[in-house]
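Examination of the molecular architecture
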Amino acid sequence: MRTILNAEKLVKTFRVGKVDVPALRGISLEVQEGEFLAIMGPSGCGKSTMLHLLGGLLTPTSGTITVDGEDLTAASDARRTDIRRRKIGFVFQRFNLFPTLTAEGNLRLAEKIHGNGADDPTRRREVLKMLRLEDKMHHKPLELSGGEQQRVALARAVVTRPAIVLADEPTGNLDSENSEIVLNMFQELNYRFNQTIVMITHNPEAAAMCRRIVQMRDGHIVEPALSVQM
Ligand SMILES: Nc1ncnc2c1ncn2[C@@H]1O[C@H](COP(=O)(O)OP(=O)(O)OP(=O)(O)O)[C@@H](O)[C@H]1O
Ligand SMILES: [Mg+2]
């Protein structure tokens, strides 16, 4: 087993005017390669904040984060951005696709941003095909359904083969049919490519697909973290 992500004693306090808002109160989490992990917990308990820290979109007030052997917390802003681009694939609740680019164009953009400038049409087609989007690759986001847009967002997150995919309520904006399709895709990516995935979800059916569920409350991970036997 190889540790892909290790977070230790993460604290995040937001300052709003003169008030400190504690979002994370000391969270430690280790994720192994190939894990598919769900994060659950009530609204406002700090799930998104944690995911943004783990992905280098925010810096912690204190604590350390290592992603695939690289220390995010010791890195400069530029270095952290570089690590994020090389190691992490994000999937957001709102799909955040580039509206003027086609499905394939969105993947190409991700490759460009990735840093090594890879331009791999074969890989793009393979990923789009796996997500059953091969006949939609030349469509722009507005020419796709919500479920298809989320599948493109997922394709974009994995096309660069990131060490870890971080997904913040990826089915939050989808109906049950599309949610099921997208979740099956996550499961298939995890199963076929041993893709490491951390997914925030409110949906118990989605969490049931994961091998481990981490419950959060009020800026803490609730111990013991529940394990699901598959
Ligand atoms: N940029 C910010 N500035 C100030 N406070 C923030 C900021 N982002 C989050 N918070 C606060 O931190 C706490 C945790 O927010 P967070 O978004 O992580 O919750 P969440 O668990 O993802 O909730 P939800 O399920 O509703 O998405 C909340 O009290 C929130 O108001
Ligand atoms: Mg959230």
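Attention here is on the structure that accompanies the text. (Residues numbered from 1 in each chain as written. Chains lettered and ligands numbered in written order. Predicted model: local features only at pLDDT ≥ 70, side-chain atom pairs only at ≥ 80, totals over all residues. Heavy atoms only, no water.)

**Structural notes on the packing of aromatic side chains**
- For the coordinates displayed, the defined rule picks out two aromatic pairs.
- Judged by centre distance (6.3 Å) and plane angle (15°), the ring pair of F36 and F186 falls under stacked. Here F36 is found in strand β3 (residues 36-40), whereas its partner F186 is found in helix α6 (residues 176-193), with 150 residues between them in sequence. Each of the two residues, F36 as well as F186, counts as buried.
- Summarising the aromatic geometry, the rings of F90 and F92 are spaced 5.2 Å apart at their centres and angled 10° between planes, so their arrangement reads as stacked.
- For F92, a relative accessible area of 23% translates into the label partly exposed. (Phe/Tyr/Trp six-rings, centres within 6.5 Å; stacked < 30°, edge-to-face > 60°. Helix = DSSP H or I, 4+ residues; strand = E, 2+ residues; numbered from the N terminus. Buried < 20%, exposed > 50% of the residue type's maximum accessible area, 1.4 Å probe, protein only.)

**Looking at the site of ligand 1**
- Looking at ligand 1, there are 13 residues lining it, with S43, G44, K47, S48 and T49 nearest.
- A distance of 3.3 Å separates an oxygen atom of ligand 1 from a polar atom in the backbone of C45.
- Contact between ligand 1 and H202: an oxygen atom at 3.1 Å from a side-chain N or O atom of the residue.
- Contact with the protein chains hides 62% of the accessible area of ligand 1, taken as 640 Å² for the molecule alone.
- Put simply, the parts of the chain that give the shell around ligand 1 at least two residues each are β1 (3-16) and α1 (47-54).
- No other element matches α1, which puts three residues into the shell around ligand 1.
- Classifying every residue of the shell around ligand 1 gives five nonpolar, six polar and two charged. (Near = heavy atom within 4 Å. Polar contact = N/O pair within 3.5 Å; in protein donor to acceptor, adjacent residues only side chain to side chain. Areas by Shrake-Rupley, 256 points an atom, 1.4 Å probe, with all protein chains shown as cover. Nonpolar A, V, L, I, M, F, W, Y, C, P; charged D, E, K, R; others polar.)

**Description of the packing of helix α5 (residues 146-158) against α6**
- Where α5 contacts α6, the two axes come as close as 9 Å, and the packing angle between them is 20°. On the basis of the axis angle, α5 is roughly parallel to α6. Crossing geometry of α5 relative to α6 is assigned as right-handed. Counting all contacts with α5, which are made through G147, Q150, R151, L154 and V158, the residues of α6 involved are N178, I181, V182, M185, F186 and L189.
- The residue inventory of the contact of α5 with α6, partitioned by class, reads seven nonpolar, three polar and one charged. (Axes fitted to C-alpha atoms, helices over the stretch in contact; angles between N-to-C directions. Parallel < 35°, antiparallel > 145°, perpendicular 65-115°, else oblique. Left-handed = near helix turned anticlockwise from the far one by under 90°. Contact = heavy atoms within 4.5 Å.)

**Thoughts on the pattern of salt bridges**
- Tallying each qualifying case throughout the model produces 21 salt bridges.
- In this structure, R79 engages E70 in a salt bridge whose closest nitrogen and oxygen atoms are separated by 2.5 Å.
- On the basis of relative accessible area, E70 is assigned to the buried category, the value being 15%.
- Note that R79 and D82 form a salt bridge whose closest N and O atoms lie 3.3 Å from each other. A residue pair is termed a helical-turn pair when its members lie 3 or 4 positions apart in one helix, as R79 and D82 do in helix α2 (residues 77-87) at three residues.
- Look at R79 and you get partly exposed, because its relative accessible area is 37%.
- Here the salt bridges do not stand alone but share partners, grouping R2, E33, D68, E70, R79, D82, R86 and K87 into one network. (Salt bridge = Lys/Arg side-chain N within 4 Å of Asp/Glu carboxyl O.)

In short, geometric facts, not functional conclusions.
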